[in-house]
Amino acid sequence: MLVAAIVAFIGALPLASARWWLLWVLLVPLAAAVWAWRAGTDADARELRLRALVGQRRVPWNRVAELAGDPKGRAVARLDDGEVVVLPAVRATELPRLVAVTGQELPDAGNDQQTGDQ
């Protein structure tokens, strides 16, 4: 995303330099660059910190009921009150790595299955 914002900024320069009142056009790729640099998810043993363009949100691990992927491939966290929050800059395939860096363990799906067909 950051590379796309830089390319967009360079592409907007001819338009913005044509007239002084078109300088505002440069704000769009600049905002995209700041968002790409700022947005993300930090995780430690106590909480998830979700950073956006403006502001951040802290979610303690005891409020997280489930980590999963959505149909678009993004990582989401379902909270204990049913709210679903998207984890910025985390793909669904990266969830095991996210949990591993926090020192927590993923439940083993193989041990949870019942073997009633014996």
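A short tour of the structure in this document, coming up. Model, not experiment: these values are computed from the prediction. What you see as residue numbers is a count from 1 along each chain, following the sequence as written. Since the coordinates come from a predicted model, pLDDT governs what is reported: local features require at least 70, and pairs of side-chain atoms require 80 or more to be given and counted, while whole-chain, interface and lining totals use all residues. Side-chain measures were taken over the full set of non-hydrogen atoms in the model, leaving aside hydrogen atoms and water.

### Points about helix H1 (residues 2–18)
- Its 17 residues give H1 an end-to-end C-alpha distance of 25 Å, which sits within 8% of 24 Å, the value for a rise of 1.5 Å per residue.
- Only protein chains enter the accessibility calculation, which uses a 1.4 Å probe. A residue is then buried if its area is under 20% of the maximum for its type, exposed if over 50%, and partly exposed in between. Secondary structure elements are taken from DSSP: a helix is a run of H or I of four residues or more, a strand is a run of E of two residues or more, and numbering for both begins at the N terminus. Within H1, the full set of buried residues consists of Ala5, Ala12 and Ala16. To estimate how far a helix should extend, the number of its residues minus one is multiplied by 1.5 Å.

### As for the nonpolar core
- To define a nonpolar core, start from buried Ala, Val, Leu, Ile, Met, Phe, Trp, Tyr and Cys residues and group those joined through side-chain atoms within 4.5 Å. Leu48, Leu50, Val59, Val64, Leu87 and Leu95 are the most contacted members of the largest nonpolar core, which has 13 residues in total.
- Ignoring any residue separated from it by four or fewer positions in sequence, one finds Leu95 in contact with Leu67, Ala68, Gly69, Ala75, Leu87 and Val90. Contacts are residue-level and defined by heavy atoms, with any inter-residue pair within 4.5 Å sufficient.

### Focus: a nonpolar patch on the surface
- Judged by side-chain polarity, Met1, Trp24, Leu27, Val28, Leu30, Val34, Trp35, Trp37, Leu53 and Val54 come together as a nonpolar surface patch covering roughly 1100 Å² of accessible area.
- Examined against the element boundaries, Met1 turns out to sit in the segment before H1.
- On the basis of relative accessibility, which here comes to 55%, the residue Met1 falls in the exposed class. For patch building, the residue pool is restricted to those with more than 30% relative accessible area and no salt bridge; the joining distance is 9 Å between like charges and 5 Å between nonpolar side chains (Val, Leu, Ile, Met, Phe, Trp, Tyr). Methods summary: accessible areas were calculated by the Shrake-Rupley approach with a probe of 1.4 Å, and residue burial reflects only the protein chains presented. Any carboxyl oxygen of Asp or Glu that lies within 4 Å of a side-chain nitrogen of Lys or Arg is treated as forming a salt bridge with it.

### Overview of the sheet that holds strand S4 (residues 64–69)
- Two strands qualify as a pair provided that DSSP identifies no fewer than 2 bridges between them. Taken in spatial order, the 3 strands of this open sheet run S4-S5-S6, and their pairing is antiparallel. Two strands in the sheet have a free side with no partner beyond their single neighbour: S4 and strand S6 (84–91). Ignoring which end each strand starts from, the neighbouring axes of this sheet average 25 degrees apart.
- Two elements, S4 and strand S5 (residues 74–79), share 5 bridges in a ladder whose sense is antiparallel. Within S5, the position partnered with Gly69 by the bridge is Ala75. Helix axes use the C-alpha atoms of the stretch in contact, all axes being lines fitted to C-alpha atoms, and the angles between their N-to-C directions lie in the range 0 to 180 degrees.

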